[in-house]
Amino acid sequence: MLITNGILVTWEDENRILEGYAMRIDGGKITHIANQPELLMQFPTDEKLDAHGQLIMPGNICAHTHFYGAYSRGMGIPGESPNGFVQILEKLWWPLDKALDRQSVKASAQVCILDAIRHGTTTLFDHHASPSYIEGSLDEIYEVVDESGIRASLCYEVTDRNGLDQADAGIRENARFANFVLKNHPLNGRVSATFGLHASLTVSDRTLEKSLAAKPDGIGFHIHVAESEADEYDSLAKSGMRTVDRLDKFGILGPKTIVAHAVHIDARETELLAKNGVWVTHQPRSNMNNAVGLAAVESMDRAGVKMCLGNDGFSNTMWDEWKATYLAHKLWHHDPRRMNGSLVAKMAINQNRNLVNNQFSGIKVGILEPGAQADLILVDYHPFTPLTAGNIPWHIIFGFNESLITTTLVDGVILMKDRQIICMDEEKVFAEAKKLAPGVWKRYTAQF
C-alpha cells in the first residue's frame, strides 16, 4: 500500500517534516519513504491511501494504563469524598476491581481499546486487576487485543490486600500468560507480557519472593512506586528501607521493569532506578486528580532515568497528557520556565518508542523509517503558522486535539478510516458494555 498526498512527520532522533513524499507499506512494515512520483512509478499497482494533505505520523504510545477502570466513568463514590490517596484506593479502585466479572473485564478492555483507536493511540501497556475473576482474565483481554488489531503489553496486578490465596492466584496468572506469550510469539509482535505487581504497600516480602521466582526470564515487572507518601512510609515500617531500595533488594528492578509514578522518591532512589535501567512512567492527569503531587521528572531525566508518558487509565488521548505535563509542572514549581516542550516530546515519542522496542521482540514503532512497523495516524491539522521539525511539540501542546485524527493503522492494517472504526463493531460494543454497567455498579456499592 502507498500512502500519498500527505505530510510526513518522521519523529526520527533528528525529526523531519517531509512534503512531496509518499510511504510504502508491505508486510506490516514501512518499506519505502521517497519522492511521491518516484514511488508511484516504482509501484504502480499498489493499493493507494490518499491522505488529502493531512499529517502522517507514528501512532501514539501509552506507557501505563488500566483498562479495568473503564466502569469508573460517571460512577458515584458512596459517603463522603475520599480525603487522600489511600482512601481513594479503599473507596474507589479496590471495590471497583472486585466488582468485575468475566464479561465486564472483556467489556472494559473493548471500550478502552476502541477509545485508543479513535484517538490515535496504537500501543498500550495495561496493568490489570479483577480479584473476583483472576484465572483467565488476561486471556479475555488478549482476545480483545487480537480482535481489535491494537498493540498491547498485558499483566495482572499481584497484591496481598485480598489474602495470600489471591496473591498466589495473581502470580500464577502472570506466569501462565507470560509463558504463553514467550512460547508462541503471538499476533506477530502485537502482544507482550510483563509481571504485574500492585505496589510495595500491598505486597509482602513473601509475595515479592514468590513473584520473582515465578517470573519467566525475558520479561520484567510492572509496578506502582511511591505514588503517594503512604508507599514510602509503609516500606519504611515493613523493612526500614524506602520503596525503591526495598524493591532493589528483592531483585524487582531491571532493564525490563516499568515503574509507574515515582512521585515521592528521593535522590538515592532516583540513582537506583537509573543504575538498574528501569523505565519510569509519568501520568500527570492522574497525579493531579489524586492530589499526590508531581514527580521530579526533569531531575530524573537529568539523572539518566528513562522517563516515559502514560495515562493511568484516563482517556487514551495522549496529547492531553502532553498538555498536562507541560502545564502542571509550571504551576507546581511556580515557574513558567519549567518542563520544556522538547522534554515532553522526548518522553512521549523517543522514550515511549524505546520502551516498546525493549518490551516487544524484534520490532520498532513510533518512527517513520524503512523497517519500522506501520503503526500510523493521519491528522487533519492545517496550521496558520509555520510547522517545522523544531516547533512541532508546541503545535501539539497548543494546537492539536484528538478529534483531528481521522485514520489509525497498526502493522499496516487500517483500524479506523475517515473516523469510522472498521476493526470492531463500535455500536455493539458500547451497547453491550452499557448493559453490564448497572451490575458492576451494584456489586461495587454492595461492598459499603
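Note that the structure is a prediction, hence the values are computed from the model and not measured.

**Student:** I'm lost on the overall build of the protein in this one. Help?
**Tutor:** Helix and strand counts for the protein come out as 15 helices and 20 strands. A compact globule built from 448 residues should have a C-alpha radius of gyration of about 22 Å, and the protein, at 21 Å, falls within 12% of that. Taken along the three principal axes of its C-alpha coordinates, the protein extends 65 × 45 × 45 Å. Put simply, the protein has 448 residues, and 60% of those count as buried. The long-range share in the protein, meaning contacts at least 24 apart out of those at least 6 apart in sequence, stands at 76%. Taken as a whole, the protein presents about 17,500 Å² of accessible surface, with 51% of it coming from carbon and sulfur. Within the protein, the 55 negative side-chain charges are centred at a point lying 1 Å from the centre of the 43 positive side-chain charges.

**Student:** I would appreciate a short explanation of the packing of aromatic side chains in the present structure.
**Tutor:** Aromatic ring pairs are described here by two measures, namely the spacing of the ring centres and the angle between the planes. For the structure shown, the criterion picks out eleven aromatic pairs. Look at Tyr68 and Trp93: their rings are 6.4 Å apart centre to centre, the planes differ by 85°, and that puts the pair in the edge-to-face class. With a gap of 25 residues between them, Tyr68 in the loop between strand 8 (60-65) and helix 2 (85-98) and Trp93 in helix 2 connect regions that are remote in the sequence. With relative accessibility at 6%, the residue Tyr68 sits in the buried group. Taking the centre distance of 5.4 Å and the plane angle of 85° together, the rings of Tyr142 and Phe180 count as edge-to-face. Taken together, the positions of Tyr142 in helix 4 (residues 137-148) and Phe180 in helix 5 (residues 164-184) put the pair 38 residues apart, joining distant regions of the chain. Judged by its relative accessible area of 13%, Tyr142 falls in the buried class. On the basis of relative accessibility, which here comes to 28%, the residue Phe180 falls in the partly exposed class.

**Student:** Got a minute to help me understand the packing of helix 12 (residues 318-333) against helix 13 (residues 341-359) in this structure?
**Tutor:** What describes two packed helices is the angle between their axes and the distance between those same axes. It is at 10 Å that the axes of helix 12 and helix 13 come closest, and there the two elements cross at 140°. As for the relative orientation of helix 12 and helix 13, their crossing is right-handed in sense. Taken together, the residues of helix 13 that come into contact with helix 12 (itself represented by Trp322, Thr325 and Tyr326) are Gly341, Val344, Ala345, Ala348 and Ile349. Of the residues in the contact of helix 12 with helix 13, the class split is six nonpolar, two polar and no charged.

The rules behind the values
Residues numbered from 1 in each chain as written. Predicted model: local features only at pLDDT ≥ 70, side-chain atom pairs only at ≥ 80, totals over all residues. Heavy atoms only, no water. Helix = DSSP H or I, 4+ residues; strand = E, 2+ residues; numbered from the N terminus. Rg over C-alpha atoms; globule rule 2.2 N^0.38 Å. Buried < 20%, exposed > 50% of the residue type's maximum accessible area, 1.4 Å probe, protein only. Contact = heavy atoms within 4.5 Å. Areas by Shrake-Rupley, 256 points an atom, 1.4 Å probe, with all protein chains shown as cover. Lys, Arg positive; Asp, Glu negative; His and termini not counted. Charge placed at Lys NZ, Arg CZ, Asp CG, Glu CD. Phe/Tyr/Trp six-rings, centres within 6.5 Å; stacked < 30°, edge-to-face > 60°. Axes fitted to C-alpha atoms, helices over the stretch in contact; angles between N-to-C directions. Left-handed = near helix turned anticlockwise from the far one by under 90°. Nonpolar A, V, L, I, M, F, W, Y, C, P; charged D, E, K, R; others polar.

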